[in-house]
Amino acid sequence: MAMKITDECISCGACEADCPNDAIYSAGQPYILNGKEYPALNDEHTYIVPDKCTECEGFFDSPQCVDQCPTEAIVPDNSPKP
């Protein structure tokens, strides 16, 4: 599973630096996956690339982005995978 950032996000960037998987990007910023660049997943606020997010497993006991978020905008992504 991965984490996702909801519309409660204020785009403060607090979560970006602590992601050990480099899965968090600023609004409108394209992301890199397996050496290929992809268009931003969100143009309104900071976002998490689901295919890069591991919920910090193997690095920390809990997702670091959740601990850093001042608005509680980061939640588990329960969306079905295509």
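Everything that follows concerns the structure shown earlier in this document.
Residues numbered from 1 in each chain as written. Predicted model: local features only at pLDDT ≥ 70, side-chain atom pairs only at ≥ 80, totals over all residues. Heavy atoms only, no water.

Quick look at the packing of aromatic side chains now. Under the definition given, this model contains 4 aromatic pairs. Each ring, one from Tyr 25 and one from Tyr 31, has its centre 6.1 Å from the other, and the planes form 55 degrees; the classification is tilted. A residue is classified by how much of its surface remains accessible, and Tyr 31, at 10% relative accessible area, is buried. Among the aromatic residues, those joined into a cluster by ring pairs are Tyr 25, Tyr 31, Tyr 38 and Tyr 47. (Phe/Tyr/Trp six-rings, centres within 6.5 Å; stacked < 30°, edge-to-face > 60°. Buried < 20%, exposed > 50% of the residue type's maximum accessible area, 1.4 Å probe, protein only.)

This brings us to unusual backbone geometry. Even without glycine at this site, Ser 11 takes up a positive phi of about 55 degrees. Here Ser 11 is to be found in the loop between strand S1 (2–5) and strand S2 (24–25). Phi angles above zero are rare outside glycine, and Asp 22 is one such case at about 50 degrees. In this fold, Asp 22 is placed in the loop between S1 and S2. (Helix = DSSP H or I, 4+ residues; strand = E, 2+ residues; numbered from the N terminus.)

As a further point, take the environment of Ser 79. Here Ser 79 is to be found in the segment after strand S6 (74–77). Residue class for Ser 79 comes out partly exposed when judged on its relative accessible area of 44%. Measuring from C-alpha to C-alpha, the distance between Ser 79 and Cys 69 comes to 21 Å, with 10 residues separating the pair along the chain.

There is a patch of like negative charges on the surface, built from Asp 7, Glu 8, Asp 43 and Glu 44. Taking the relative accessible area as the measure of exposure, Asp 43 reaches 61% and is therefore exposed. (Patch = residues over 30% accessible without salt bridge, like charges linked within 9 Å, V, L, I, M, F, W, Y side chains within 5 Å. Areas by Shrake-Rupley, 256 points an atom, 1.4 Å probe, with all protein chains shown as cover. Salt bridge = Lys/Arg side-chain N within 4 Å of Asp/Glu carboxyl O. Lys, Arg positive; Asp, Glu negative; His and termini not counted. Charge placed at Lys NZ, Arg CZ, Asp CG, Glu CD.)

Attention now goes to the nonpolar core. Counting residues in hydrophobic clusters, the biggest one holds 14 residues, and the most contacted among them are Ile 5, Ile 24, Ile 48, Cys 65 and Ile 74. It is S1 that contributes the most residues to this core, 3 residues altogether. Among all residues touching Ile 74, those that are not within four sequence positions of it are Met 3, Lys 4, Ile 5, Cys 15, Ile 48, Cys 65, Val 66 and Cys 69. One finds Tyr 25, Tyr 31, Leu 33 and Val 49 within the second-largest nonpolar core, a separate group that totals 5 residues. (Core = buried A, V, L, I, M, F, W, Y, C linked by side-chain atoms within 4.5 Å. Contact = heavy atoms within 4.5 Å.)

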